[in-house]
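Okay, here's what each chain looks like letter by letter:
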Amino acid sequence: MVRLWSFVAIATLLGLGLSVDAHACRMNLPPEQELARGYEAGAIKAIALVRVETAHYASAASRDAHQWGAHGRVVRSLLGTDLPAEIEFGPGLCVGRRAPEPKPGDAWVVYLWIDHTGQYVSWLALTLDEAREFDPVLNGRL
């Protein structure tokens, strides 16, 4: 009986691990779809034009992604008020594409949502060119 419960527990843990990974990868859509999803869900509460100050790799490169993180200073609010002066941003673990990697001095557009503590948090970050291409809301603002 103990052996059966051990098997069930291990199978459950493996199943949970696999479903979490699969779910995480499914949630990372191409940037234009992720942007549309954010608008449709009402999640995007602010948009900031950000100048990258520092960038770093957060993990080793894999076949389809190289996770990075960046820190930037808000240059201008494109939507929303009371934005923080500085923002941390970066793609998720399974970006589904090779997202461009920021370099100090680059301009990025960061889409923000508000978390449970009331703080702005990065929803999606796009290069300036990507934002111009994918986001009609920004027409005339950039």
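In this text, all values refer to a predicted model and were calculated from it rather than measured experimentally.

Novice: It is not clear to me how the overall build of the protein chain should be interpreted in this structure. Could you clarify?
Specialist: Counting secondary structure elements, the protein chain contains 3 helices and 5 strands. Along the chain direction, N to C, the helices and strands of the protein chain fall in the order α-α-β-β-β-β-β-α. Counting over 142 residues, the protein chain shows a buried share of 32%. Counting only contacts in the protein chain whose residues sit at least 6 apart along the sequence, the fraction spanning at least 24 positions is 59%. When the accessible surface of the protein chain is summed, it comes to about 8800 Å², and 60% of that surface belongs to carbon and sulfur atoms.

Novice: Could you clarify how one ought to interpret the packing of aromatic side chains in this entry?
Specialist: Between two aromatic rings, the relevant description is the distance of the centres plus the angle of the planes. Counted by the stated rule, this structure contains 4 aromatic pairs. Summarising the aromatic geometry, the rings of W68 and F89 are spaced 6.0 Å apart at their centres and angled 90° between planes, so their arrangement reads as edge-to-face. Here F89 lies in strand β3 (residues 86-89) and W68 lies in strand β2 (residues 68-79), a separation of 21 residues in the sequence. Taken as a pair, W68 and F89 share a single burial class, namely buried. Aromatic side chains W68 and W108 sit 5.3 Å apart centroid to centroid with 70° between the ring planes, which places their arrangement in the edge-to-face category. A residue pair is termed long-range when its members are at least 10 positions apart, and W68 in strand β2 and W108 in strand β4 (residues 107-114) qualify at 40 residues.

Novice: Would you mind showing me how to read the environment of E86 here?
Specialist: Looking at the element boundaries, E86 is found in strand β3. Note: C-alpha distance between E86 and V74 (12 residues apart in sequence) is 5.7 Å. Beyond its immediate sequence surroundings of up to four residues, E86 is in contact with H71, G72 and R73. At 2.9 Å, the side chain of E86 and the side chain of H71 are in polar contact. Within polar-contact distance, the side chain of E86 engages the side chain of R73 at 2.5 Å.

Novice: For this particular structure, what's the right way to read the sheet that holds strand β5 (residues 120-127)?
Specialist: Each strand in a sheet pairs with another by means of backbone hydrogen bonds, the pair being arranged parallel or else antiparallel. Here we have 5 strands laid out as an open sheet, ordered β3-β2-β1-β4-β5, and antiparallel in their pairing. Of all strands in the sheet, those bounded by a partner on one side alone are β3 and β5. The mean inter-strand angle of the sheet, taken between neighbouring strand axes irrespective of direction, is 40°. Running over the sheet, helix α2 (residues 31-41) touches β1 (46-57), β4 and β5 and is turned about 145° from β5.

Novice: Would you take a moment to explain the environment of R51 for this structure?
Specialist: With respect to the helices and strands, the residue R51 is situated in strand β1. Distance from R51 to I87, taken between C-alpha atoms, is 9.7 Å for residues 36 residues apart in sequence. Among the polar contacts listed, one links the side chain of R51 to the backbone oxygen of G105, at a separation of 2.8 Å.

Cut-offs used in this document
Residues numbered from 1 in each chain as written. Predicted model: local features only at pLDDT ≥ 70, side-chain atom pairs only at ≥ 80, totals over all residues. Heavy atoms only, no water. Helix = DSSP H or I, 4+ residues; strand = E, 2+ residues; numbered from the N terminus. Buried < 20%, exposed > 50% of the residue type's maximum accessible area, 1.4 Å probe, protein only. Contact = heavy atoms within 4.5 Å. Areas by Shrake-Rupley, 256 points an atom, 1.4 Å probe, with all protein chains shown as cover. Phe/Tyr/Trp six-rings, centres within 6.5 Å; stacked < 30°, edge-to-face > 60°. Polar contact = N/O pair within 3.5 Å; in protein donor to acceptor, adjacent residues only side chain to side chain. Pairing = 2+ DSSP bridges. Axes fitted to C-alpha atoms, helices over the stretch in contact; angles between N-to-C directions.

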